[in-house]
Amino acid sequence: MVGRLLGLVLLPMVGAGQKIENLRHEAFGSDVVIQYQLTGTRPSQQFLVKAICQNGTQTIALNHTEGNGVGRVRAQDGPDRQIVWHVTDDVPELVGDHITFTLTAVPVEGSTGVSRGTDEVAAPLSLADRRAVLYNELTGQTDTYLEQVYNEVTAFKNFGERAFESRTDLIRLDQQIQRTNEAYEKLLLNKEPFKQRIRSLWGNEKLNADADQFFSRSLDQMHRTFLLPFNETLRQINDVASGKFKPRERTERIQRIRIELEIRISQLLAEIESVKGDAKGFYTNLRY
């Protein structure tokens, strides 16, 4: 479900002469279409374009997208750009009174290329460009993980409030846990490669230590201490939903689960805010 979209915010691009103009966006069913024009460029230039959605205090990375306006964008393909975001592939729904979108674009320096008919041989990426690529990959995957953790907390909260009244809620809860696990596994798989690339591209011991500390907190500690306990809660929920308990015992079990959920949700929400603060500081130090 896609609710009312109130604004489109642009972060200016780095570089001289380039502009993003004629910004517009519209919801179509479960998709959001963002259109813009990339002007003031040279045909040989390339850009790394990233889009995020802000719904109140929630930051949502646009991971399931199509179109010629996101990722690596080549100026030679013309000014008109479009991003189609498949919303429900990233979040269960998008509803709110303060929904905005932000586009950031990083010019790939030295992307002059050598034209040969319809083929182009790209120039090697500079150090700044390689840092920019890593920055976009790392922040995108980390933001997605934090977003899915937040969505999981919300799913458990909604399920507890409705007190086992809907089988659909249980299915949504299970699907959200799968999304969180997928985001966790992807970031976990790339953790060491990210750290190795940071060492190679920056050669800064303090930054290396910051990376070790950040990944340890955002991945290991959050997953072990705050996320894994929800698996036990889910097991208890499935026991109750199976219908094997008599009414009185079922009511007592539901009450215990709701109390337990309230405590765990409060703890995890606080941890999410703490990790988001750590991420902001780490991203600032990692700016290329």
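Residues take numbers from 1 onward in each chain, read along the sequence in its written order. Two thresholds apply to this predicted model, a pLDDT of at least 70 for residue-level local features and 80 or more for giving and counting side-chain atom pairs, whereas whole-chain, interface and lining totals are computed over all residues. Calculated side-chain values reflect all of the structure's heavy atoms, with hydrogen atoms and water omitted.

K.L.:
What should I look at first to understand the overall build of the protein in this one?
P.N.:
Along its length, the protein carries 4 helices and 11 strands. Categorising residues by exposure relies on relative accessible area from a 1.4 Å probe, with only protein chains included: less than 20% of the type maximum marks a residue as buried, more than 50% marks it as exposed, and the intermediate range marks it as partly exposed. Taking all 288 residues of the protein together, 44% fall into the buried category. Sequence separation of 24 or more characterises 72% of the internal contacts of the protein that already satisfy a separation of 6 or more. Carbon together with sulfur atoms contributes 49% to the accessible area of the protein, which is approximately 15,000 Å² in total. The secondary structure listing takes helices from DSSP runs of H or I that are at least 4 residues long and strands from runs of E that are at least 2 residues long, numbered from the N terminus. By definition, residues are in contact when any of their heavy atoms lie within 4.5 Å. In short, Shrake-Rupley with a 1.4 Å probe defines the accessible areas, and a residue's cover is counted only from the protein chains shown.

K.L.:
Would you take a moment to explain the pattern of salt bridges for this structure?
P.N.:
Side chains that differ in sign of charge can pair as their charged atoms come close. Take a side-chain nitrogen of Lys or Arg and a carboxyl oxygen of Asp or Glu: if they are within 4 Å of each other, that pair is a salt bridge. Under the counting rule described, the total for this entry stands at 13 salt bridges. One salt bridge connects Arg-264 with Glu-260, and the closest N-O pair in it is separated by 3.1 Å. Placement of the pair is Arg-264 and Glu-260 together in helix H4 (residues 247–286), with a separation of 4 residues, close to one helical turn. Glu-260 sits in the partly exposed class, given a relative accessible area of 21%. Here the salt bridges share partners, and the residues they tie into one network are Glu-192, Lys-195, Arg-199 and Asp-212.

K.L.:
Looking at this model, I keep getting lost on the packing of helix H2 (residues 167–202) against helix H3 (residues 205–241). Mind explaining?
P.N.:
How two helices sit against one another is set out by the angle between their axes and by the gap between those axes. Axis definition: a line fitted to C-alpha atoms, limited for helices to the stretch in contact. Angles are taken between N-to-C directions and run from 0 to 180 degrees. Two elements in contact, H2 and H3, have axes separated by 11 Å at closest approach and are oriented at 165 degrees. Viewed along their axes, H2 and H3 adopt a mutual orientation that is roughly antiparallel. Regarding H2 and H3, the two cross each other, and that crossing is left-handed. Side-chain classes follow a simple rule in which Ala, Val, Leu, Ile, Met, Phe, Trp, Tyr, Cys and Pro form the nonpolar group, Asp, Glu, Lys and Arg form the charged group, and the remainder, Gly included, forms the polar group. Of the residues contributing to the contact of H2 with H3, the split by class is 17 nonpolar, 4 polar and 6 charged. Roughly parallel means an angle under 35 degrees; roughly antiparallel means over 145; roughly perpendicular covers 65 to 115; every other angle is labelled oblique. Each helix crossing is assigned a hand: it is left-handed if the near helix lies turned anticlockwise from the far helix by less than a right angle, otherwise right-handed if that turn is clockwise.

K.L.:
I tried to follow the nonpolar core on my own but got confused; where do I start?
P.N.:
If you look at soluble globular proteins, the nonpolar side chains tend to sit buried side by side. Core analysis: the biggest nonpolar cluster contains 44 residues, and Tyr-145, Phe-156, Leu-173, Ile-198, Leu-268 and Phe-282 have the highest contact counts within it. Sorting the residues of this core by element identifies helix H1 (127–162), H2, H3 and H4 as the ones contributing at least two each. Broken down by element, this core gets its largest block of residues, 12 residues, from H3. Here, the term nonpolar core denotes a set of buried Ala, Val, Leu, Ile, Met, Phe, Trp, Tyr and Cys residues that are joined through side-chain atoms within 4.5 Å. Counting 22 residues, the second largest nonpolar core, distinct from the first, contains Ile-34, Cys-53, Ile-60 and Leu-62.

K.L.:
Would you mind going over the packing of H3 against H4 with me for this structure?
P.N.:
As a packed pair, H3 and H4 sit with axes 10 Å apart at the nearest point and diverge in direction by 165 degrees. In this view, H3 runs roughly antiparallel relative to H4, as classed from their interaxial angle. Considering only the axes of H3 and H4, their crossing is left-handed. Split into classes, the residues belonging to the contact of H3 with H4 amount to 20 nonpolar, 7 polar and 8 charged.

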